[in-house]
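# Architecture and fold: a report
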Amino acid sequence: IKDPTPAPTTTTPKPSAGVVKWSYNGSAWTPTGTASPCPQPLIAQGALLDFSKAVSKVQPGQSRGGSYKPHGGLRWSEYGKYVSGVTITAPFDGEIQAVAQYIESGNYQFTVNIIHPCGIMLRLGHLRVPSDVMKNVLNTAPAARESDSRETFLTGSSIKKGQIIATEVGMIAPAGPDSFGTFMDLGIVDLRAKNASLPAGFT
């Protein structure tokens, strides 16, 4: 006679239906379901921007301009010059988590944070001319004010791979010599786990 009680089984959780989204609860980022592994590479060649035309880069994790900067950056122009036509496109389908728009050195600037469902956030700054897609998103944020780059957090806004984000970056006149040029901030943040703490003696 067979035991009518089925034997217990072990199952592997399946990814939740729909697109996984990430939220911050004040101490950690958490997904709405089981996030799939990140694609490799996350940013395919030719996506986001044409890296081959950049003339210099700034490493993340430096003190610049009087404060610590966790993000890096790229520049397309030599000192005192501006290169027009740098186009930034979305390298993957993602959720627009936050935006900001402000005025700096007489220039309109905007920023955008995009989260891939796998848990990687792309942070872009010093974007100057938004695409029509981004104009619609930025219209939901407070109007640009001088030196007020506070982010507006969004829900329900998304962008598709290949959609244009900006058609110009950096600053033009009347920006002063140290701010004038074609450049942007670029940060990539892994939301899936916190960085390990550095030892007390780290220098």
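Presented here is a report on the structure given in the accompanying data block. Quick caveat, the model's predicted, so the values are computed rather than measured. (Residues numbered from 1 in each chain as written. Predicted model: local features only at pLDDT ≥ 70, side-chain atom pairs only at ≥ 80, totals over all residues. Heavy atoms only, no water.)

### Remarks on the overall build of the chain
Definition in use: The secondary structure listing takes helices from DSSP runs of H or I that are at least 4 residues long and strands from runs of E that are at least 2 residues long, numbered from the N terminus. Type-normalised accessible area, obtained with a 1.4 Å probe on protein chains alone, sets the label of each residue: buried when under 20%, exposed when over 50%, and partly exposed for intermediate values. Any two residues whose heavy atoms approach within 4.5 Å at even a single point are treated as in contact. Only four residue types enter the tally: Lys and Arg on the positive side, Asp and Glu on the negative side; His and the chain ends are excluded. Where a charge lies is defined by one atom per residue type, namely NZ (Lys), CZ (Arg), CG (Asp) and CD (Glu).
Summing up its helical and strand segments, the chain has one helix and 15 strands in all. Counting every position in the chain, which comprises 203 residues, the buried fraction comes to 35%. In the chain, once contacts between residues fewer than 6 apart in sequence are set aside, the share between residues at least 24 apart is 67%. Each charge class in the chain was averaged separately, 18 positive and 14 negative side chains, and the resulting centres sit 4 Å apart.

### Description of the side chain of Asn113
The residue Asn113 is located in strand 9 (residues 107-116) in this model. Since its relative accessible area comes to 3%, Asn113 is described here as buried.

### Observations regarding the pattern of salt bridges
For clarity, the threshold we go by: The term salt bridge refers to a side-chain nitrogen of Lys or Arg lying within 4 Å of a carboxyl oxygen of Asp or Glu.
Under the definition given, this model contains six salt bridges. Here Asp93 and Lys160 are joined by a salt bridge, their closest N and O atoms 4.0 Å apart. Of this pair, Asp93 sits in the loop between strand 7 (88-89) and strand 8 (94-104) while Lys160 sits in the loop between strand 13 (158-159) and strand 14 (164-169); the two residues are 67 residues apart in sequence, bridging distant segments of the chain. Residue Asp148 is joined to Arg150 by a salt bridge in which the shortest nitrogen-to-oxygen separation is 2.8 Å. For Arg150, a relative accessible area of 63% puts it in the exposed group. A network of salt bridges, in which partner residues are shared, links Arg145, Asp148 and Arg150.

### Considering the pairing of strand 9
Inclusion rule: Between any two strands, pairing holds if DSSP finds at least two bridges.
The buried fraction of strand 9 amounts to nine of the 10 residues, a majority that puts the element mostly inside the structure. Hairpin connection, strand 8 to strand 9: the antiparallel pair is bridged by two residues, and Ser105 has positive phi, about 50°. Pairing of strand 9 with strand 10 (residues 120-130), which is carried by six bridges, proceeds in the antiparallel orientation. The residue bridging Ile114 from the neighbouring strand is Leu122, located in strand 10. Here strand 9 folds back onto strand 10 in antiparallel fashion, the turn holding three residues, of which Gly119 has a positive phi close to 110°.

### Some points on the packing of aromatic side chains
The line we're drawing: Under the pairing criterion, centres of Phe, Tyr and Trp rings, with the six-membered ring standing for Trp, must be within 6.5 Å; the plane angle then separates stacked pairs below 30 degrees from edge-to-face pairs above 60, leaving the rest tilted.
Under the defined criterion, the tally for this structure stands at three aromatic pairs. Plain terms: the ring middles of Tyr82 and Phe180 are 6.3 Å apart, the flat faces sit at 65° to each other, and that makes the pair edge-to-face. Taken together, the residues Tyr82 in the loop between strand 6 (72-75) and strand 7 and Phe180 in the loop between strand 14 and strand 15 (183-190) connect sequence positions 98 residues apart. Each ring, one from Tyr108 and one from Phe110, has its centre 6.3 Å from the other, and the planes form 35°; the classification is tilted. For Phe110, a relative accessible area of 0% corresponds to the buried category.

### Quick notes on the environment of Ile159
Its location among the elements puts Ile159 in strand 13. Each C-alpha atom, one on Ile159 and one on Glu95, is 6.4 Å from the other, the two residues being 64 residues apart in sequence. Contacts of Ile159, omitting those with residues within four sequence positions, involve Ala90, Phe92, Asp93, Gly94, Ile96, Ile114, Val133 and Ile165.

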